[in-house]
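# Results of the structural survey
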Amino acid sequence: MSRISGFRSLFDARDLLESPLSLVRNGQNEFGVFIQLFFDNLSSMIGLLGAMMATFGSGPGGFGVPSDVLAHKVYSKSASGLGLAMLFGNVYYSWQASRMARLSGRPYTAQPYGVHTIAAFAFVYGIMVPVYLNEWAKTGFSDLPEDKAACFSSAYAVAVAANFTVGLLQVGLAAFGPALIRIVPPAALLVPIAGIGLTFLGLDFMVGNFAQPIVGFLPLLFLWVGWHAGVKVLSVIPPPFTVMAVGTVLAWIDPVTRGVGGAGGFGLALKAENAAAVVRTFVPEPQSFYDIELGYQLLGSYIGIVIPLGFSATALTLMCLLSA
């Protein structure tokens, strides 16, 4: 009987309902956090997939991998896999926080979950690019589409196997996490991630506001006063939504940003047209297990890259845990 009671305390249906109910009870604050986390993950996901398309595609500076092979790997496999991972992770962390709140009798905030931006770009440029160049060199730097497609498939497979290996490494190192948090000063864990955020996620994107001030300055103003001064346009609209809405409207109004009338600029209209062309349903494929098998066949030559990256990703995860 005690085992049944323990099982019920671990898996209680009320925990699954607590997060939606909390969104209803504390609508404004919960919705604001949801919007902020949604756009953060969306921008990271778009940046990661865009980096893969730009690096390996046929555009300026790209390696010229055939577009059908590249789109299949990026959209059918990577994007759909990311979607499933984020769905599972957010549901799990929401259940975890709801369960702790029910057992302890006090509110708990769920651990934020999403794309590990820094580690994701490290996989693209630290694993996929070196593997592709090495495999491409074996072909004598052939320009044949089938050779480039094979090189990219090998690079993608190694990245998949490396990602799985890093995940196993993080699970193993997680046992040392509590001890490290007690031993290592908080500043030593928070300062590096703050520097990364300020440099790559702050200043790097802020440059775009100054490059296109008609579009960028007003959203920057709303961001600054919304987060740091607590000013809201309307009491029911969270600051992240205001920033995104104002920036989007201004971008479509400005002809330079849209790139119409011979103005060139950022070509927003053309980018939207190209993006709409790939909008369809992408279903995860069981063949992805083949990528892991193929990746492990090639992983031995690149283990010197994967292991340090695994330790680095674990340290960054610990930093995110402490900062949250």
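Bear in mind the structure is a predicted one, so any value in this text is a computation, not a measurement. (Residues numbered from 1 in each chain as written. Predicted model: local features only at pLDDT ≥ 70, side-chain atom pairs only at ≥ 80, totals over all residues. Heavy atoms only, no water.)

Here helix α9 (residues 213-228) crosses helix α10 (residues 239-253) at 170°, and the two axes come no closer than 9 Å. By the criterion of interaxial angle, the relationship of α9 to α10 is roughly antiparallel. Between α9 and α10, the contacting residues are Ile214, Val215, Leu218, Pro219, Phe222, Leu223, Gly226 and Trp227 on the first element and Pro239, Pro240, Thr242, Val243, Val246, Gly247, Leu250 and Ala251 on the second. Class assignment of the residues belonging to the contact of α9 with α10 gives a composition of 13 nonpolar, three polar and no charged. (Axes fitted to C-alpha atoms, helices over the stretch in contact; angles between N-to-C directions. Helix = DSSP H or I, 4+ residues; strand = E, 2+ residues; numbered from the N terminus. Parallel < 35°, antiparallel > 145°, perpendicular 65-115°, else oblique. Contact = heavy atoms within 4.5 Å. Nonpolar A, V, L, I, M, F, W, Y, C, P; charged D, E, K, R; others polar.)

A full pass over the atoms with the stated rule returns two salt bridges. The closest approach of N and O atoms between glutamate 135 and lysine 138, which form a salt bridge, is 3.2 Å. One end of the pair is glutamate 135 and the other is lysine 138, both in helix α5 (residues 117-138) and three residues apart, which spans about a single turn. By relative accessible area, glutamate 135 is classed as buried at 12%. (Salt bridge = Lys/Arg side-chain N within 4 Å of Asp/Glu carboxyl O. Buried < 20%, exposed > 50% of the residue type's maximum accessible area, 1.4 Å probe, protein only.)

To continue, consider helix α14 (residues 303-323). Think of an α-helix as turning once every 3.6 residues; residues three or four places apart then point the same way. In a regular helix each residue adds 1.5 Å, so 21 residues correspond to 30 Å; α14 covers 30 Å between its end C-alpha atoms and thus fits that length. Residues Val306, Leu309, Gly310, Ala313, Thr314, Leu316, Leu318 and Met319 constitute the buried set of α14. (Expected span 1.5 Å × (residues − 1).)

Next up on the list: the packing of aromatic side chains. Here the structure, examined in full by the defined rule, presents 14 aromatic pairs. Centroid distance tryptophan 136 to phenylalanine 141: 5.2 Å. Interplanar angle 80°. Geometry classified as edge-to-face. Look at phenylalanine 141 and you get partly exposed, because its relative accessible area is 48%. These aromatic residues form a ring-pair network of at least three members: Phe56, Phe63, Tyr132, Trp136, Phe141, Phe152 and Tyr156. (Phe/Tyr/Trp six-rings, centres within 6.5 Å; stacked < 30°, edge-to-face > 60°.)

On to the confidence of the model for the chain. Residues of the chain with pLDDT of at least 70 account for 83%, and the chain-wide mean is 78. Confidence over residues 1-8 falls short of pLDDT 50; this stretch has zero contacts with residues more than four positions distant or in other chains. (pLDDT = per-residue confidence, 0-100.)

Turning our eyes to something else, we now look at α5. Between the first and last C-alpha of α5 there are 31 Å, a value that for 22 residues agrees with the 32 Å anticipated at 1.5 Å per step. A maximum bend of about 30° is found in α5 at methionine 128, where proline proline 130 lies one to four positions downstream. Listing the buried residues of α5 in full gives Thr117, Ala119, Ala120, Phe123, Val124, Ile127, Met128, Val129, Val131, Tyr132, Glu135 and Trp136. Once α5 ends, the next one or two residues include glycine 140, with phi positive near 75°. (Bend = angle between axes of the 7 residues up to and from the residue.)

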